[in-house]
Amino acid sequence: MDSGPRSPPPTPSDPLEAFPQRGLEAGDIAVLALYFVFVLAVGLWSTVKTKRDTVKGYFLAGGDMAWWPVGASLFASNIGSGHFVGLAGSGAAAGISVAAYEFIGLFSVLTLAWIFLPIYIAGQVTTMPEYLRKRFGGSRIPTTLAVLYLFIYIFTKISVDMYAGAIFIQQSLRLDLYLATAGLLAITALYTVTGGLAAVIYTDALQTVIMLVGALTLMGYSFAAVGGLEGLTEKYFLALASNRSENSSCGLPRADAFHLFRDPLTSDLPWPGILFGMTMPSLWYWCTDQVIVQRSLAAKSLSHAKGGSLMAAYLKVLPLFMMVFPGMISRVLFTDQVACADPAICQKVCGNPSGCSDIAYPKLVLEILPTGLRGLMIAVMVAALMSSLTSIFNSASTIFTMDLWNRLRPRASEQELMIVGRVFVLLLVLVSILWIPVIQASQGGQLFIYIQSISSYLQPPVAVVFIVGCFWKRANEKGAFWGLTLGLLLGLIRLVLDFVYPQPHCDQQDTRPAVVKDVHYLYFSMVLSTVTLVSVSIVSWATEPPSRDMVGRLTWFTRQDPVGQKAQGRPALAPSGVAEAGGTGAQLGLVLEDKPKTHRGDVTPKKSRALRAVLWLCGMGGQGQPPSRAEPAIASSEENPVVKTLLDISLVACVSCGVFLWGYFA
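We now turn to the structure provided with this report.

Quick word on the overall build of the protein chain
Scanning the protein chain from N- to C-terminus turns up 28 helices and 0 strands. In the protein chain, which comprises 666 residues, the share counted as buried stands at 58%. Once local pairs closer than 6 in sequence are excluded, the contacts in the protein chain between residues at least 24 apart make up 83%.

Here we look at the side chain of Glu-416
Positionally, Glu-416 belongs in helix α19 (residues 414-434). Among the polar contacts listed, one links the side chain of Glu-416 to the side chain of Trp-405, at a separation of 2.9 Å. For Glu-416, the contacting residues outside a window of four places in its chain are Trp-405 and Arg-409.

Structural notes on helix α14 (residues 318-333)
Under the 1.5 Å per step criterion, the end-to-end length of α14 is 22 Å for 16 residues, consistent within 8% with the ideal 22 Å. Largest kink in α14: about 25 degrees, centred on Pro-326. For α14, a buried count of 13 out of 16 residues is recorded, marking the element as mostly surrounded by other parts of the structure.

A look at helix α18 (residues 373-408)
Taking 1.5 Å of rise per residue, the 36 residues of α18 would be expected to cover 52 Å, and the 50 Å separating its terminal C-alpha atoms lies within 8% of that figure. Of all the bends found along α18, the most pronounced is centred on Thr-401 and spans about 30 degrees. With 31 of 36 residues buried, α18 lies mostly within the body of the structure.

With respect to the nonpolar core
Core analysis: the largest hydrophobic core is formed by 165 residues, its most contacted members being Phe-84, Tyr-120, Leu-232 and Tyr-361. With 17 residues, the top contributor of residues to this core is α18. Those residues in contact with Phe-84, other than ones at most four positions away along the chain, are Ile-79, Met-211, Ala-215, Met-323, Tyr-361, Val-380, Met-381 and Ala-384.

Things to note about unusual backbone geometry
The phi dihedral of Gln-124 is positive, around 55 degrees, even though this residue is not glycine. Relative to the helices and strands, Gln-124 is located in the loop between α5 (100-122) and α6 (128-136).

With respect to the pattern of salt bridges
Within the structure shown, the criterion is met by 16 salt bridges. The closest approach of N and O atoms between Arg-374 and Asp-28, which form a salt bridge, is 3.0 Å. Of the two residues, Arg-374 sits in helix α18 while Asp-28 sits in helix α1 (residues 26-49), which places them 346 residues apart along the sequence. Taken individually, Arg-374 and Asp-28 each receive the classification buried, so the pair is uniform in this respect. One salt bridge in this structure joins Arg-548 and Asp-561, with 2.5 Å as the shortest N-O distance. Separated by 13 residues along the polypeptide, Arg-548 in helix α25 (residues 548-551) and Asp-561 in the loop between α25 and α26 (584-589) bring together distant segments of the chain. Because the salt bridges share partners, they merge into one network encompassing Arg-254, Asp-256, Arg-262 and Asp-268.

Considering a nonpolar patch on the surface
Together, Ile-419, Val-423, Leu-427, Leu-430 and Leu-434 give the surface a local cluster of nonpolar side chains, amounting to about 460 Å² of exposed area. Mapped onto the fold, Leu-434 is located in helix α19. The exposure class assigned to Leu-434 is exposed, which follows from its relative accessible area of 59%.

Some remarks on the packing of aromatic side chains
If you walk through the whole model with that rule in mind, you get 25 aromatic pairs. Ring plane angle 70 degrees and centroid distance 6.1 Å describe the contact between Phe-103 and Trp-662, whose orientation is recorded as edge-to-face. You can see Phe-103 sitting in helix α5 and its partner Trp-662 sitting in helix α28 (residues 641-665), a full 559 residues away along the chain. Classification of Phe-103 by relative accessible area gives buried; the value is 1%. A centroid spacing of 6.2 Å and a plane angle of 65 degrees characterise the contact between Tyr-149 and Tyr-153, whose relative ring orientation is edge-to-face. Pair noted here: Tyr-149 and Tyr-153 are both in helix α7 (residues 140-173), with a separation of 4 residues, about one helical turn. Both residues of the pair, Tyr-149 and Tyr-153, belong to the buried class. The rings of Phe-103, Phe-223, Phe-261, Trp-271, Phe-321, Phe-325, Phe-660, Trp-662, Tyr-664 and Phe-665 are connected pair by pair, giving a single aromatic cluster. Across the ring face of Tyr-236, the terminal group of Arg-331 is positioned such that the distance to the ring centre comes to 5.5 Å.

Definitions and cut-offs
- Residues numbered from 1 in each chain as written.
- Predicted model: local features only at pLDDT ≥ 70, side-chain atom pairs only at ≥ 80, totals over all residues.
- Heavy atoms only, no water.
- Helix = DSSP H or I, 4+ residues; strand = E, 2+ residues; numbered from the N terminus.
- Buried < 20%, exposed > 50% of the residue type's maximum accessible area, 1.4 Å probe, protein only.
- Contact = heavy atoms within 4.5 Å.
- Polar contact = N/O pair within 3.5 Å; in protein donor to acceptor, adjacent residues only side chain to side chain.
- Expected span 1.5 Å × (residues − 1).
- Bend = angle between axes of the 7 residues up to and from the residue.
- Core = buried A, V, L, I, M, F, W, Y, C linked by side-chain atoms within 4.5 Å.
- Salt bridge = Lys/Arg side-chain N within 4 Å of Asp/Glu carboxyl O.
- Patch = residues over 30% accessible without salt bridge, like charges linked within 9 Å, V, L, I, M, F, W, Y side chains within 5 Å.
- Areas by Shrake-Rupley, 256 points an atom, 1.4 Å probe, with all protein chains shown as cover.
- Phe/Tyr/Trp six-rings, centres within 6.5 Å; stacked < 30°, edge-to-face > 60°.
- Lys NZ or Arg CZ within 6 Å of the ring centre and 35° of its normal.

These figures come from the coordinates and say nothing about function on their own.
Here it is, written out as structure tokens:
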């Protein structure tokens, strides 16, 4: 790279330099290298250990996961590098209100295990678009949802995590962004492509331990530096940047910084929006998003899935202490950089005129941690980035393979489906690398708030359709489709308006249209949910009711109906013996014994070593024949009465803990 005189490196003494020009020391590099060795070892171990030669084994980890890796994977999939950077940045800018997303997530992940998962298991579904195909029939809704999910994954989740990880990669490792990112994605794709969901879940469990150890260590150093929670409470309100204008309100800490519930009209997160507008995107994410639900469906049984959700719910308490409070502490310790209020100065500090709150967490890591621990925290950020990316890669490939490719090629063999799933992961890696320039050009002042505003425009209509499908037997395909279409259309209009009319800087006049300026995105989420619900209800009542097949074992009230031929998951066979289109769950769960096996008596030609190595990597290094024994599609919903009682007691304790936290911080 050219480092000529026209762009001299800033000196550490420059008060506006966001990060010191210091590379990682030998101890940091040793810790980072050790981390990569451990991750690759666990990934390759799970690749060898687990069953990867069937579609179910690859996409659902064989349905054989215990509660603790499921819980750890739920948490690691949720907490990406966007959370570390975004939650800490919002804490630095506006206080603890952003933690409301985490506390609502605590209840939503429990809702998944106790309410939604029994319905999914009873209906023998393995992807979320497949549930809608079974529940409503037709292909309009599941195809729309499959495309929407892939759009959300590629252009919000991947891009946000890549941007957040890029801050650490650029500032701490001093590596070329493209080189570092391509290396990370290559390692990530290696065990995702070869090992499938099992490798992703086991490595997520390791990443969770690393994340917790590193983040709790940094939390301890942060609170020690500021004098504990009492010191933070006093000093946060005094953290005013020296470069702010005295006659301006820009850069002032919020008076309600330590409260979750805020003014319903003038605040950044109004309390009615938190209670009602935030709930729908949260339910979408935790109860209907393929990334999350796929992990729960991989559990051995419903009891293990519940145990995993309880573990994830307790872990959801930690982000307030591990990320939000440290972000606020970063504002206290590095006020002029993190709390800069002048757009020109912010541009100089971090290259973003909207504000530099998103550098709060990286600033802590690189400034206050000693050698070795700094390397550990870099590993934590890399772990967060890789765990969220692997989850997205695996779930996106599942949706593409089982809901889109399976529709295009209903007679596709099991081997073809596994190859397509793996190739799609590689395509996602390529898209991720090509998307980096777009991420760099579209930085937001508060990354986490940017994520949530996008979610509030696209996710409520989908959540309403799932909720109505699960709890109202009268809802039909026409009602769900037109309600979903109207809701998504309104959400996309508001999304476009937000991009066309960006939020002005603090010292600029707000000339945006009233629908953008005066309607908070959480209130718009409430409007979207209401419009979708009313549309679904009116159209469903005005048209014919769904048939019995469309509701049997697919709603809360019919989940215990007798198992019919359809619910057993055995697909109808075409004359050739191959499953007809639409049997996604059957494709995942059953190997068709009736499929004709050509050349059974022929001598199999000897494969080259290179071909055998590739087939082994793809989990197809066996005899080339699918197993002849049919497998159950998904884990059983049967529960041991004693275990069920213990889990219900734990549920009450966890909910009580959540209610206490709301009451204490509200």
